[in-house]
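Remarks on the overall topology
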Amino acid sequence: MKIFGHRGAAGLIAENTLESVKIALLHNVDGIEIDIHCCKTGELVVIHDETLDRTTNGKGNVREYSLEELKQYSTQEGYAIPTLDQVLDIIDAQCLLNIELKGKDTVIPTIKVLEKYINNSRWEYKDFIISSFDHDQLFDLKEHTSRFKIGVLTEESVVEALPIAKKLSAFSIHPPIETLTRDHVNHAKEVGFHVYVWTVNEKELIKKSKFWKVEGIITDFPNFVTEKRNI
């Protein structure tokens, strides 16, 4: 069972920051999950919300700021808002990367950035899972390229996400732990989909996920990685 650090290591340090990614790597995660939006000048920045309000000392919509303007803001801990390029540089293909498309119109910029790294560094297509709750963006991705693994994010159950996953020829389905059942996991596997569950923060739920043979969990506490063989 693979363990992905949620927004880096969101339970240990400010989410979606370079520092959070570094801590996840220190705990030898199998993968890291991040969120991206496109800013006013076209760069992809790593932040969860559409606005700066919750996670930084700024206010307003991310899309309304240039990258230079965004550099003026930081998290409460003083950490900068990173770009996707910076995250790719730090991870350097040491683990898988699950990129969640949060903002609108992120598909083409994401493809361009990732293919630049695939062509010029250690990264390969197989190192990425592109996921989103916005399934229209996943269809857009599929229209442009079939080389990236697609993850269908859902707030419902695995079974309810199956029709869209089939249409997308997705690699994986990413349901919340609250809707997960053993039968759902088995059914998804039978029809060819991996299951990556979010957000699994309690050890009992990690045990349950492992017992049900999900392919991976996404957790705020990647320090559990060092304990996972004993859980």
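Definitions and cut-offs
Residues numbered from 1 in each chain as written. Predicted model: local features only at pLDDT ≥ 70, side-chain atom pairs only at ≥ 80, totals over all residues. Heavy atoms only, no water. Core = buried A, V, L, I, M, F, W, Y, C linked by side-chain atoms within 4.5 Å. Buried < 20%, exposed > 50% of the residue type's maximum accessible area, 1.4 Å probe, protein only. Contact = heavy atoms within 4.5 Å. Helix = DSSP H or I, 4+ residues; strand = E, 2+ residues; numbered from the N terminus. Salt bridge = Lys/Arg side-chain N within 4 Å of Asp/Glu carboxyl O. Phe/Tyr/Trp six-rings, centres within 6.5 Å; stacked < 30°, edge-to-face > 60°. Polar contact = N/O pair within 3.5 Å; in protein donor to acceptor, adjacent residues only side chain to side chain. Arc of directions from axis to C-beta. Pairing = 2+ DSSP bridges. Right-handed = clockwise from strand over helix to strand, strands pointing away.

1. A look at the nonpolar core
- Residues Ile32, Leu97, Ile99 and Phe128 are the most contacted members of the largest nonpolar core, which totals 56 residues.
- Once residues within four sequence positions are removed from consideration, Leu97 is found in contact with Ile32, Ile34, Leu84, Leu88, Ile91, Trp123, Asp127, Phe128 and Ile129.

2. Describing the environment of Arg63
- Note on placement: Arg63 falls in the loop between β3 (44-46) and α2 (67-70).
- In this structure, the C-alpha to C-alpha distance between Arg63 and Ile3, residues 60 residues apart in sequence, is 31 Å.
- Residues contacting Arg63, with those up to four places away along its chain left out, are Cys38, Cys39, Lys40, Lys104 and Asp105.

3. Comments concerning the pattern of salt bridges
- Per the stated rule, a full pass over the model turns up 13 salt bridges.
- The shortest N-O distance in the salt bridge between Asp92 and Arg122 comes to 3.1 Å. With Asp92 in the loop between α3 (84-91) and β4 (96-101) and Arg122 in the loop between α4 (107-120) and β5 (128-132), the pair connects residues that are 30 residues apart, well separated along the chain.
- Exposure remark for Asp92: the relative accessible area of 27% places this residue in the partly exposed category.
- When salt bridges with common partners are traced through the structure, they connect Arg7, Glu15, Asp35, Asp49 and Arg54 into a single cluster.

4. Re the packing of aromatic side chains
- For the coordinates displayed, the defined rule picks out eight aromatic pairs.
- An angle of 55 degrees between the planes, with centres 5.0 Å apart, marks the rings of Tyr125 and Phe148 as tilted. Of this pair, Tyr125 sits in the loop between α4 and β5 while Phe148 sits in the loop between α5 (135-144) and β6 (149-153), placing them 23 residues apart in sequence.
- Given the relative accessible area of 15%, Tyr125 is considered buried.
- Relative to Phe224, the ring of Phe221 has its centre 5.9 Å away and its plane inclined at 40 degrees; by these criteria the two rings are tilted.

5. Here's the deal with the side chain of Asp35
- On the secondary structure map, Asp35 appears in strand β2 (residues 31-38).
- Here Asp35 falls in the buried class, since its relative accessible area comes to 0%.
- Polar contacts involving the side chain of Asp35 include one to the side chain of Asn16, which spans 3.0 Å.
- If sequence neighbours within four positions are ignored, Asp35 has contacts with Arg7, Asn16, Val45, Val46, Ile47, His48, Glu100 and Lys102.

6. Remarks on α3
- Among the residues making up α3, those that are buried are Leu84, Val87, Leu88 and Ile91. Seen from one end, α3 has its buried residues packed into an arc of 100 degrees, which puts them on one side.
- Residues of α3 that are buried make contact with α1 (18-26), β2, β3, β4, α4 and β5.
- Where α3 terminates, the next one or two residues include Asp92, which has phi positive at roughly 50 degrees.

7. Quick word on the pairing of strand β1 (residues 2-6)
- Counting buried residues in β1 gives four out of five residues, a clear majority hidden from the surface.
- Here β1 runs beside strand β9 (residues 216-219); their pairing, made up of four bridges, is parallel. Within β9, the residue paired with Gly5 across the bridge is Thr219.
- The pairing of β1 with β2 spans three bridges and is classified as parallel. By the bridge assignment, Gly5 is partnered in β2 with Ile32.
- Once the chain exits β1 it traverses α1 before rejoining the sheet at β2, and the crossover so formed is right-handed.

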